[in-house]
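Here's the letter readout for the chains.
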Amino acid sequence: MDYLATKYLRPRKIPSTACSGCGLGQIHKKVVKAIDELGLDVGDVVWGTGIGCAGRQTFATWKGDNFAGTHGRVYALATGLRIALPPNKKIILTVGDGDAFGIGFNHLLNCARRNVDLTVIVCDNLGYMSTGGQYGWTTPEGYRTDSSPYGMWEPNWMQGGRDVLNILREAGATFLARHTSIEGQEAVESIKKAILNKGFSLVHMPYPCVTNFAERALGSRRPAVMYKWFKERTVKLNERVDEKALGDIYFRTGIYYDASNSRPEFAEALRNRVAEIQRRFR
């Protein structure tokens, strides 16, 4: 067990129960590494999770306080906690793409609108992999899944001129980034900035699912095949690429939007509003 695991994680949850080759552990380690590099202790962070692979693998792994929400509702719970907890307490959520961009999208948008001080890490395995491998909100167009044997044909949140991060920016998010799990320190740095922002932050992190996505979409459960597919489609935001040669799906990674600490944070604004009303009617 390495230094980070010994310091921050519960021994009974190590090693992870994730499938062999799964990229979730890479995301989890980057989040913990960011926490450590910021000098935060176990008691400084409350870790919340959603449903599915992302929730199952990270719930109760953190040595400190944990909570879990029903599918798509973790943001509502986190908003209540943000009001109740001291302002210096960090709330980090690890959720799946369904939790974030499907059933929970309305709650997510309202957290962005309110600028609730949360750090949301979207662990995106490109579909509903925990239930067998059905297509989802970010499944690449044309790729086979259990529920799209002839190729995923619906519009998604990352292709066709749409990007879910743009929607979140318009909703009021103050920090947005995207990194794949196979990236290194650059992803850690973005997570650190997200945690330091006193407002709504989201880091979208697509990661390899070897068991379901790779088998259906790529015809192989070999991790090397899936990781090569990811690497070939991961490009920096400012990097020029031949999009025709690259193909229709690729992950533009980096900081999409940084307006950290530029808007009033929800819980603080609410406390100020209540105090103002109390003074008015005193």
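Report follows, based on the coordinates. Not measured: the values here are computed from a predicted model.

Parameters at a glance
Residues numbered from 1 in each chain as written. Predicted model: local features only at pLDDT ≥ 70, side-chain atom pairs only at ≥ 80, totals over all residues. Heavy atoms only, no water. Helix = DSSP H or I, 4+ residues; strand = E, 2+ residues; numbered from the N terminus. Polar contact = N/O pair within 3.5 Å; in protein donor to acceptor, adjacent residues only side chain to side chain. Contact = heavy atoms within 4.5 Å. 1 Å grid on protein atoms, 1.4 Å probe; cavity = no way out; pocket = protein on both sides within 12 Å on 5 of 7 lines; lining within 4 Å. Points joined across faces, edges and corners; volume = space filled by probe spheres on them. Nonpolar A, V, L, I, M, F, W, Y, C, P; charged D, E, K, R; others polar.

1. Topic: the side chain of Arg 82
Logical step 1: Along the chain, Arg 82 falls in helix H4 (residues 74–84).
Logical step 2: Within the structure, Arg 82 has its side chain in polar contact with the backbone oxygen of Lys 89 (distance 2.8 Å).
Logical step 3: What Arg 82 contacts, discounting residues up to four positions off in sequence, is Pro 87, Lys 89, Lys 90, Ile 91, Val 116, Asp 117, Glu 265, Ala 267 and Arg 271.

2. Considering the environment of Tyr 75
Logical step 1: Residue placement: Tyr 75 occurs in helix H4.
Logical step 2: Through-space distance from the C-alpha of Tyr 75 to that of Leu 108 is 6.3 Å; in sequence the pair is 33 residues apart.
Logical step 3: Discounting residues that sit within four places of it in the chain, Tyr 75 has contacts with Leu 93, Val 95, Asp 99, Ala 100, Gly 104, His 107, Leu 108, Cys 111 and Val 120.
Logical step 4: Within the structure, Tyr 75 has its side chain in polar contact with the backbone oxygen of Asp 99 (distance 3.1 Å).

3. Let's talk about the layout of surface pockets
Logical step 1: Here the largest pocket defines a volume of roughly 320 Å³.
Logical step 2: Residue lining of the largest pocket: 16 residues in total, with Leu 9, Ile 14, Gly 25, His 28 and Lys 29 positioned closest to the centre.
Logical step 3: For the lining of the largest pocket, the elements supplying multiple residues, two or more each, are helix H1 (3–8), helix H2 (24–37) and helix H3 (53–58).
Logical step 4: Among the elements that make up the lining of the largest pocket, the one with the highest residue count is H2 (five residues).
Logical step 5: For the lining of the largest pocket, the residue count by class is seven nonpolar, six polar and three charged.

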